[in-house]
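Chain by chain, the residues run as shown.
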Amino acid sequence: MRTIALFACVIVAGFSVGAYAATEIVHQQGRAFSAESITVKKGEAVTFLNDDTVPHNIMSASKGNEFNLGSQAPGTSTDVSFKEAGDVQVICAIHPRMKMMVKVID
Ligand SMILES: [Cu+2]
C-alpha cells in the first residue's frame, strides 16, 4: 500500500513539472478526468487517453476550440490541439459529471 501511495506522488509531481511539456496527457479512469484543469500553449496538443473500462465521448462547445471526438473506446487515445487562447470547458457527452478545463495561453 505504501508503494502505491509513493508511486501516485511521483505521478502527481511529474504532472506539475511537465505543465508546459509539448504534449499533455489527460487520462479518463473511473468516469473522471485525471485533472480538473490544465494549462497549454496555443497550438499545443493534448492527448485524451481513455484508460477506463467504458467508452467516453469527449467534446467542447467553447468558442474557437470546438471539437467532438465521438465515442472513444477503452484503450484508445486522441490528440486535440487548441487554436484559440481562452478557457475551454471539456466535457464527456455520456457522463455529465465528467468536466475539466483546458486553459489555453498565447
Ligand atoms: Cu464519459
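For clarity, every value in this text was computed on a predicted model and none was experimentally measured.

Novice: So what exactly am I meant to see when it comes to the sheet that holds strand 4 (residues 45–50) here?
Specialist: The pairing of strands in a sheet happens through backbone hydrogen bonds and is either parallel or antiparallel. Overall, mixed pairing links the 4 strands, which are arranged 2-1-4-7 in an open sheet. Looking along the sheet, the strands with just one partner apiece sit at the ends: strand 2 (32–33) and strand 7 (77–81). Summarising the sheet, strand 1 (residues 23–29) and strand 4 pair through 6 bridges and their orientation is parallel. Of the residues in strand 4, the one forming a bridge with His27 is Leu49.

Novice: Explanation requested: the coordination of the copper ion in the structure shown.
Specialist: Around a metal, the perfect tetrahedron of four donors has angles of 109.5 degrees, and the perfect octahedron of six donors has angles of 90 or 180 degrees. Only His56 (ND1), Cys92 (SG) and His95 (ND1) from the protein reach the copper ion as donors, at distances of 1.9 to 2.2 Å. All donor residues of the copper ion come from one chain, and their arrangement in sequence is H-x35-C-x2-H. Taken together, the residues His56 in the loop between strand 4 and strand 5 (58–60) and His95 in the loop between strand 8 (86–92) and strand 9 (99–105) connect sequence positions 39 residues apart. By the burial criterion, His56 is buried, and His95 matches it.

Novice: What's the story with the pairing of strand 8 in this structure? I'm lost.
Specialist: Remember that side chains alternate between the two faces of the sheet whenever the strand is regular. Of the pairings in the sheet, the one linking strand 5 to strand 8 comprises 2 bridges and is antiparallel in character. Following the sheet pairing, Ile58 is matched in strand 8 by Cys92. Connecting the antiparallel pair strand 8 and strand 9 is a turn made up of 6 residues.

Novice: I'm lost on the sheet that holds strand 9 in this one. Help?
Specialist: Here 5 strands make up an open sheet; going across it, the order is 3-9-8-5-6 and the pairing mixed. Of all the strands in the sheet, the pair left with one neighbour each is strand 3 (37–41) and strand 6 (67–68). With 5 bridges joining them, strand 3 and strand 9 adopt parallel strand pairing. Bridge pairing in strand 9 links Ile38 to Val102.

Novice: How should the packing of aromatic side chains be read in this particular structure?
Specialist: In this description, an aromatic ring pair is defined by two values, namely the gap between the centres and the angle between the planes. Overall, the coordinates contain 2 aromatic pairs when judged by the stated rule. Plain terms: the ring middles of Phe67 and Phe82 are 5.9 Å apart, the flat faces sit at 80° to each other, and that makes the pair edge-to-face. On the criterion of sequence distance, the pair formed by Phe67 in strand 6 and Phe82 in the loop between strand 7 and strand 8 is long-range, its members being 15 residues apart. Relative accessible area serves as the criterion here: at 12%, Phe67 is assigned to the buried category. Accessibility expressed as a relative area gives 1% for Phe82, which makes it buried. Members of the aromatic cluster, joined through ring pairs, are Phe48, Phe67 and Phe82.

Novice: Any chance you could explain the environment of His95 here in plain terms?
Specialist: Looking at His95, the relative accessible area reads 15%, which means it is buried. When the C-alpha atoms of His95 and His56 are compared, they prove to be 7.7 Å apart, with 39 residues separating the residues in sequence. Ignoring sequence-local partners within four residues, the contact set of His95 consists of Arg31, Val54, Pro55 and His56. For His95, the side chain forms a polar contact with the side chain of His56, separated by 3.0 Å.

Cut-offs and rules
- Throughout, a residue's number is its position along its own chain's written sequence, starting from 1.
- pLDDT decides what is reported in this predicted model: residues at 70 or higher carry local features, side-chain atom pairs at 80 or more are listed and counted, and totals for whole chains, interfaces and linings draw on all residues regardless.
- For side-chain calculations, the full set of non-hydrogen atoms in the structure is used, while hydrogens and water are omitted.
- In this description, strands pair whenever DSSP reports at least two bridges between them.
- Strands here are runs of E lasting at least two residues and helices are runs of H or I lasting at least four, both read from the DSSP assignment and numbered beginning at the N terminus.
- Coordination partners: N, O, S within 2.8 Å of the metal, 3.2 Å for Na, K and Ca; water not considered, so apparent gaps in a site are possible.
- Three exposure classes are used, based on accessible area relative to the maximum for each residue type with a 1.4 Å probe and protein chains only: buried under 20%, partly exposed in between, and exposed over 50%.
- Here a pair means two rings of Phe, Tyr or Trp (six-membered ring of Trp) with centres within 6.5 Å. Their orientation is stacked below 30 degrees between planes, edge-to-face above 60, and tilted elsewhere.
- In this analysis, two residues are considered to be in contact whenever any of their non-hydrogen atoms come within 4.5 Å of each other.
- Here a polar contact is taken to be a pair of N or O atoms separated by no more than 3.5 Å, where protein atoms must pair a possible hydrogen donor with a possible acceptor and residues adjacent in sequence count only if both atoms sit in side chains.

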